[in-house]
Amino acid sequence: IALYGEVDSPVNMAKCYREIGLIQNKQGKHREATRAFTEAYKLLEQSDDVKARASILGFLGVSYRSQGDLDRAEFFQREVLKLVEPLADRRALAPAWANLGNVLRQRGKPADALDFNERALVVFEELGDKQGIAREHSNVGNCLRLLGRLEEARHHFSESLALAEALGNQQGVAFQLASLGLLHQELGELDEAERLHIRALEAFEQLKSVQYQALQYENIARIYRLRKLYDEPEKTLARANELYSAGNFPQGLATVQLERGLIASERGNLSLALSELSAAANSLRALGMNIELAKAQKALDALDPAQ
């Protein structure tokens, strides 16, 4: 950046800021990444390269989604669509559809998300983009799982896993192990769910992916709760909370609090359950995490503090 600044090359400075942002996102430093992408966009704002501007806005949206700011995430992904739709360039449209679908799924709108993710999958298949195909099979599978279409979801997760293994994409493999773990949890196959989450945790530890390590600890704790082993989850939830705190992941901190509230409720500790669930609901509402908010509200409605 310093050298390109000396020769007054804003386009190349923007590329460097983009690369720094991508590295920081991989490291879980999403706020720093947001600043890097913002600097990149400032340098390209007057550029005629619409695709380059759209790409940076897309990265900004992904970065804000990772921080739990779903309003900004959705805003930027819709801004991307405004830029690329007039170009009628399907190579540019596919990632824009995929990213918007991911935000909508996190906002508790899996049917709307599925439409965008399926569109993206079709284009990646047309282009022969194997990484894109693998990623969108995963995204489509997650939408279908949330919609209760579990066997269809299993097909997409299995397709994604096979492609990730063939491509040597260890992060993709880890994601699909985790997704299949959630699927088996939905099916009530808790032994297999736990096995898959442990494998995913080991993979994410090797990848040094803090956010997703935390998520697997949380998933394993949920399996313990479903088995009614209420003394077991505290260590795994504490580890998840520690990692989420270190990585500044507000979504994870909120869902850990939700899980603690659910455990307290099932154990009959109503005052603790009310405290944890109320705090979790407030956080989830602020983050726009509607699916998790509905779980918290349902658990709160079932409580009778007067008892």
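Relevant structure appears above.
Here goes a summary of the coordinates provided. Computed from a predicted structure; not experimentally measured.

Some details on the overall build of the protein
Okay, so step 1: Tallying secondary structure elements over the protein gives 16 helices and zero strands in all.
Okay, so step 2: On C-alpha atoms alone, the protein measures out to a radius of gyration of 20 Å, which is about the 19 Å that the 2.2 N^0.38 rule sets for 307 residues.
Okay, so step 3: Oriented by its inertia axes, the alpha-carbon framework of the protein measures out at about 70 × 35 × 35 Å.
Okay, so step 4: A burial count over the protein gives 49% of its 307 residues as buried.
Okay, so step 5: Within the protein, residue pairs in contact and separated by at least 24 positions form 50% of the contacts whose partners lie at least 6 positions apart.
Okay, so step 6: For the protein, the computed accessible surface area is about 14,900 Å², with 50% contributed by carbon and sulfur atoms.
Okay, so step 7: When the 38 positive and 43 negative side-chain charges of the protein are each reduced to one mean point, those points stand 1 Å apart.

Looking at the packing of helix α11 (residues 190–207) against helix α12 (residues 210–226)
Okay, so step 1: The geometry of α11 relative to α12 is characterised by a closest axis approach of 9 Å and an angle of 160° between their N-to-C directions. When the axis of α11 is compared with that of α12, the two are roughly antiparallel. Crossing of α11 over α12 shows left-handed handedness. Residues Leu190, Ala193, Glu194, His197, Ile198, Ala200, Leu201, Phe204 and Glu205 of α11 form the contact with α12, whose participating residues are Tyr212, Gln213, Gln216, Tyr217, Asn219, Ile220, Ile223, Tyr224 and Leu226.
Okay, so step 2: Its residues assigned to classes, the contact of α11 with α12 comprises 12 nonpolar, four polar and two charged.

Quick word on the packing of helix α4 (residues 50–66) against helix α6 (residues 90–106)
Okay, so step 1: Contact geometry for α4 and α6: axes closest at 10 Å, N-to-C directions at 20°. For the element pair α4 / α6, the angle class is roughly parallel. Once α4 is placed against α6, the crossing between them reads as left-handed. Contacts from Gly58, Val62 and Arg65 of α4 reach α6 at Asn99, Asn102, Val103 and Gln106.
Okay, so step 2: Partitioned by chemical class, the residues of the contact of α4 with α6 number two nonpolar, four polar and one charged.

Things to note about the environment of Leu3
Okay, so step 1: Looking at the secondary structure, you find Leu3 in helix α1 (residues 2–6).
Okay, so step 2: What makes Leu3 exposed here is its relative accessible area of 65%.
Okay, so step 3: Between the C-alpha atoms of Leu3 and Met13, which are 10 residues apart in sequence, the distance is 8.6 Å.

What to know about the nonpolar core
Okay, so step 1: One finds Leu81, Val84 and Trp97 to be the most contacted residues of the largest nonpolar core, which totals 53 residues.
Okay, so step 2: If near-sequence neighbours (up to four positions away) are discounted, Trp97 is found in contact with Leu81, Arg90, Phe116, Asn117, Arg119, Ala120 and Val123.
Okay, so step 3: Membership of the second largest hydrophobic core comes to 17 residues, among which are Leu258, Leu262, Ala273 and Leu277.

Details of helix α14 (residues 250–267)
Okay, so step 1: Here α14 is 18 residues long and its end C-alpha atoms lie 26 Å apart, about the 26 Å a rise of 1.5 Å per residue gives.
Okay, so step 2: Every buried residue of α14 is accounted for by Gln251, Gly252, Ala254, Thr255, Val256, Leu258, Glu259, Gly261, Leu262, Ile263 and Ala264.
Okay, so step 3: Of the surrounding elements, those touching the buried residues of α14 are α4, α6, α12, α13 (233–247), α15 (270–287) and α16 (290–302).
Okay, so step 4: Taken from the residues just after α14, Gly268 is the one with a positive phi, measuring 85°.

Topic: helix α9 (residues 150–167)
Okay, so step 1: Look at α9: 26 Å from first C-alpha to last across 18 residues, which is about the 26 Å you get at 1.5 Å a residue.
Okay, so step 2: All of the buried residues in α9 are Leu150, Ala153, His156, Phe157, Ser160, Leu161, Leu163 and Ala164. Seen end-on, α9 carries its buried residues on one side only, within an arc spanning 170°. More than 90 degrees from the buried face of α9, the exposed residues found are Glu151 and Ala166.

Here we look at the packing of aromatic side chains
Okay, so step 1: According to the stated counting rule, one finds seven aromatic pairs in the structure shown.
Okay, so step 2: Both rings, one in Phe37 and one in Phe59, keep their centres 5.4 Å apart while their planes meet at 20°; by these two values the pair is stacked. Taken together, the residues span a long stretch of sequence, with Phe37 in helix α3 (residues 30–44) and Phe59 in helix α4 at a distance of 22 residues.
Okay, so step 3: Between Tyr64 and Phe76 the ring centres are 5.7 Å apart and the planes differ by 0°, which places this aromatic pair in the stacked class. Linking Tyr64 in helix α4 with Phe76 in helix α5 (residues 70–84), this pair joins segments that are 12 residues apart in sequence.

Rules and cut-offs
Residues numbered from 1 in each chain as written. Predicted model: local features only at pLDDT ≥ 70, side-chain atom pairs only at ≥ 80, totals over all residues. Heavy atoms only, no water. Helix = DSSP H or I, 4+ residues; strand = E, 2+ residues; numbered from the N terminus. Rg over C-alpha atoms; globule rule 2.2 N^0.38 Å. Buried < 20%, exposed > 50% of the residue type's maximum accessible area, 1.4 Å probe, protein only. Contact = heavy atoms within 4.5 Å. Areas by Shrake-Rupley, 256 points an atom, 1.4 Å probe, with all protein chains shown as cover. Lys, Arg positive; Asp, Glu negative; His and termini not counted. Charge placed at Lys NZ, Arg CZ, Asp CG, Glu CD. Axes fitted to C-alpha atoms, helices over the stretch in contact; angles between N-to-C directions. Parallel < 35°, antiparallel > 145°, perpendicular 65-115°, else oblique. Left-handed = near helix turned anticlockwise from the far one by under 90°. Nonpolar A, V, L, I, M, F, W, Y, C, P; charged D, E, K, R; others polar. Core = buried A, V, L, I, M, F, W, Y, C linked by side-chain atoms within 4.5 Å. Expected span 1.5 Å × (residues − 1). Arc of directions from axis to C-beta. Phe/Tyr/Trp six-rings, centres within 6.5 Å; stacked < 30°, edge-to-face > 60°.

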